[in-house]
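Analysis of the macromolecular model
Chain residues, written in single-letter form:
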Amino acid sequence: MAYSDKLLEHFKHPKNVGTLDKSKKTVGTGLVGAPECGDVMRLQIEVDEATGMIKDAKFKTFGCGSAIASSSLATEWLKGKSIDEALTIDNMTIVEELALPPVKIHCSVLAEDAIKGAIKDYQEKNGITVTVEESSH
Amino acid sequence: MNYFEFFDLPVRFILDEAALKRQFYVNSKKYHPDFYTLASESKQAEILELSTLNNQAYQTLVDFDKRMKYVLELKGALAEEGKNKLPQAFLLEMMDINEALMELEFDFEQEAYQRVLSSLEAQQSALDASVASALATYEDLPEQTALLDTIKNYYLKKRYLLRIKENLNKFASL
């Protein structure tokens, strides 16, 4: 199975690995898992209170290369986006960007769920109506 | 025909393994392709299929984890990949153990290694204990869906622990 260069790049040099202070009101945390492979993924966003834009995003993923690459890419895309824009990121965009093989599509689903989890957490923390729809996957 | 029916055994998580083996040998003889070299082509094909099934079914049922997965799938208790969810508290614990494990990879410390190991073993025995009665009580009755749910959670959580264990074993030789 051949992996795309973009996927390998995100896997070998993942962007935005790390942790944000989850006790902060402006930070939303999403924690998701793919039990079949024993993967666990944490994705966090920090929202700029003045502009409502996501100013930082970090992740930590214990899992296969595709799961790491998917979450790395997701954090790259999240930065500079509004919450509404962030909600439009869906797993198939990740699949296309990284050219994920069919058996690895669930890794992108995981990343999308993590994004939604982080946004939901942020909205709940700040008393904003939750606009995240229940996972359609 | 499911694998249990094939061996004439009841659908169980805890299995009479001696009976399984006995039936496997009986079938191996019964469906041995060598006894059918003079039979028609379609009969030969049928026998080949049955002997393959015999081997596949045995490999699945003889292994505790594979059997568990098979029963859960048979009963429709396991959601398709990506839809099986575990509680946040458990994921948090797994995140913590994995983080501790990663630190070990960068900077190995015997004490820290022992801590992760004991934490993992504690999780494993708590998990095993939590499911023992469900595994033993399950008798393929329609009203036992709650048991299946318990066993499914056990099966999924065990995937995490197994993975961590594999990673931990890398340090065992140090």
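What you are looking at is a predicted structure, and each value in this text was computed from that prediction instead of being measured.

1. Side note on the overall build of chain A
Counting secondary structure elements, chain A contains five helices and three strands. The order of helices and strands in chain A, counted from the N terminus, is α-β-β-β-α-α-α-α. Taken against the 2.2 N^0.38 rule, which gives 14 Å for 137 residues, the C-alpha radius of gyration of chain A at 14 Å falls within 12% of a compact globule. In terms of overall dimensions, chain A has a C-alpha envelope of 45 × 30 × 25 Å along the principal axes. Counting every position in chain A, which comprises 137 residues, the buried fraction comes to 53%.

2. Re the packing of aromatic side chains
Residue and element names in this part refer to chain B. Tallied over the entire structure, the rule returns 11 aromatic pairs over all chains. Where Phe6 meets Tyr31, the ring centres are 6.1 Å apart and the plane angle is 25 degrees; that geometry is what we call stacked. Remark: Tyr31 occurs in the loop between helix H2 (17-30) and helix H3 (41-62) and Phe6 occurs in helix H1 (residues 3-6); sequence separation between them is 25 residues. Note on Tyr31: relative accessible area 13%, which makes it buried. Cluster of aromatic residues (ring-pair linked, three or more members): Tyr3, Phe4 and Tyr70. The residue whose ring lies beneath Arg159 is Tyr155, and the NZ or CZ to ring-centre distance is 4.1 Å.

3. Topic: the sheet that holds strand S1 (residues 27-34) of chain A
Residues and elements named next belong to chain A. Ordered in space as S1-S2-S3, the three strands form an open sheet in which the pairing is antiparallel. Single-partner strands in this sheet number two, and they are S1 and strand S3 (54-62). The mean inter-strand angle of the sheet, taken between neighbouring strand axes irrespective of direction, is 15 degrees. As paired strands, strand S2 (residues 39-47) and S3 are joined by eight bridges and run antiparallel to one another.

4. Here's the deal with the domain arrangement of chain B
Residues and elements named next belong to chain B. Under the domain assignment, chain B is made up of domain 1 (3-74) and domain 2 (88-172). Spacing between the C-alpha centres of domain 1 and domain 2 amounts to 31 Å. Tallying the contact residues gives 10 residues for domain 1 and 13 residues for domain 2. Carbon and sulfur atoms make up 72% of the surface buried where domain 1 meets domain 2, a total of about 1,000 Å² over both sides. In this structure, the connection of domain 1 to domain 2 is made through two salt bridges. Arg159 is the salt-bridge partner of Asp65, the closest N and O atoms lying 2.9 Å from each other. Seen at the junction of domain 1 and domain 2, the total is three residue pairs in polar contact (both at pLDDT 80 or more). Taken together, the residues that form the side of domain 1 that touches domain 2 break down as seven nonpolar, no polar and three charged.

5. Side note on the side chain of Glu112 of chain A
All names here are of chain A. Position of Glu112 relative to the elements: it lies in helix H5 (residues 105-125). Classification of Glu112 by relative accessible area gives buried; the value is 3%. From its side chain, Glu112 meets the backbone nitrogen of Asn91 in a polar contact 2.7 Å long.

6. What to know about the confidence of the model for chain B
In the predicted model, chain B carries a mean pLDDT of 93, and the fraction of residues at 70 or more is 99%. Taken together, the chains of this predicted complex give a pTM of 0.84 and an interface ipTM of 0.83.

7. Remarks on the pattern of salt bridges
This structure, assessed with the given rule, holds 15 salt bridges over all chains. Here Lys24 of chain A and Glu46 of chain A are joined by a salt bridge, their closest N and O atoms 2.9 Å apart. Placement of the pair is Lys24 of chain A in the loop between helix H1 (5-12) and S1 and Glu46 of chain A in strand S2, with a sequence separation of 22 residues. For Glu46 of chain A, a relative accessible area of 8% gives the class buried. Salt bridges here are not isolated pairs; linked through shared partners, they connect Arg42 and Lys60 of chain A together with Glu99 of chain B.

8. With respect to the nonpolar core
Across soluble globular proteins, nonpolar side chains have a tendency to be buried as a group. Counting residues in hydrophobic clusters, the biggest one holds 52 residues, and the most contacted among them are Phe4, Phe7, Phe13, Leu61, Met68, Leu72 and Ile151 of chain B. Residue assignment for this core shows that the elements contributing at least two residues are H1, H2, H3, helix H4 (64-74), helix H5 (88-106), helix H6 (110-137) and helix H7 (145-172) of chain B. For this core, the element with the highest residue contribution is H7 of chain B, accounting for 10 residues. Residue-level mapping places this core at the junction of two domains, with at least three residues from each of domain 1 (3-74) and domain 2 (88-172) of chain B. Once you skip the residues sitting within four places of it in the chain, Leu61 of chain B turns out to touch Tyr3, Phe4, Phe7, Leu15, Leu20, Arg67 and Tyr70 of chain B. If you look at the next biggest cluster of nonpolar residues, it comprises 31 residues, including Ala34, Leu110, Ala118 and Val132 of chain A.

9. Some remarks on the side chain of Asn16 of chain A
Residue and element names in this part refer to chain A. In this structure, Asn16 sits in the loop between H1 and S1. On the basis of relative accessibility, which here comes to 13%, the residue Asn16 falls in the buried class. Side-chain polar atoms of Asn16 contact the side chain of Thr75, separated by 3.0 Å. In terms of polar contacts, Asn16 uses its side chain to reach the side chain of Lys79, at 2.8 Å. Ignoring anything within four residues of it in the chain, the contact list for Asn16 reads Ala57, Lys58, Phe59, Ser72, Thr75, Glu76 and Lys79.

About the criteria used
Residues numbered from 1 in each chain as written. Chains lettered and ligands numbered in written order. Predicted model: local features only at pLDDT ≥ 70, side-chain atom pairs only at ≥ 80, totals over all residues. Heavy atoms only, no water. Helix = DSSP H or I, 4+ residues; strand = E, 2+ residues; numbered from the N terminus. Rg over C-alpha atoms; globule rule 2.2 N^0.38 Å. Buried < 20%, exposed > 50% of the residue type's maximum accessible area, 1.4 Å probe, protein only. Phe/Tyr/Trp six-rings, centres within 6.5 Å; stacked < 30°, edge-to-face > 60°. Lys NZ or Arg CZ within 6 Å of the ring centre and 35° of its normal. Pairing = 2+ DSSP bridges. Axes fitted to C-alpha atoms, helices over the stretch in contact; angles between N-to-C directions. Domains from an automatic or database assignment. Contact = heavy atoms within 4.5 Å. Buried area = accessible area lost by both parts, 1.4 Å probe. Salt bridge = Lys/Arg side-chain N within 4 Å of Asp/Glu carboxyl O. Polar contact = N/O pair within 3.5 Å; in protein donor to acceptor, adjacent residues only side chain to side chain. Nonpolar A, V, L, I, M, F, W, Y, C, P; charged D, E, K, R; others polar. pLDDT = per-residue confidence, 0-100. Core = buried A, V, L, I, M, F, W, Y, C linked by side-chain atoms within 4.5 Å.

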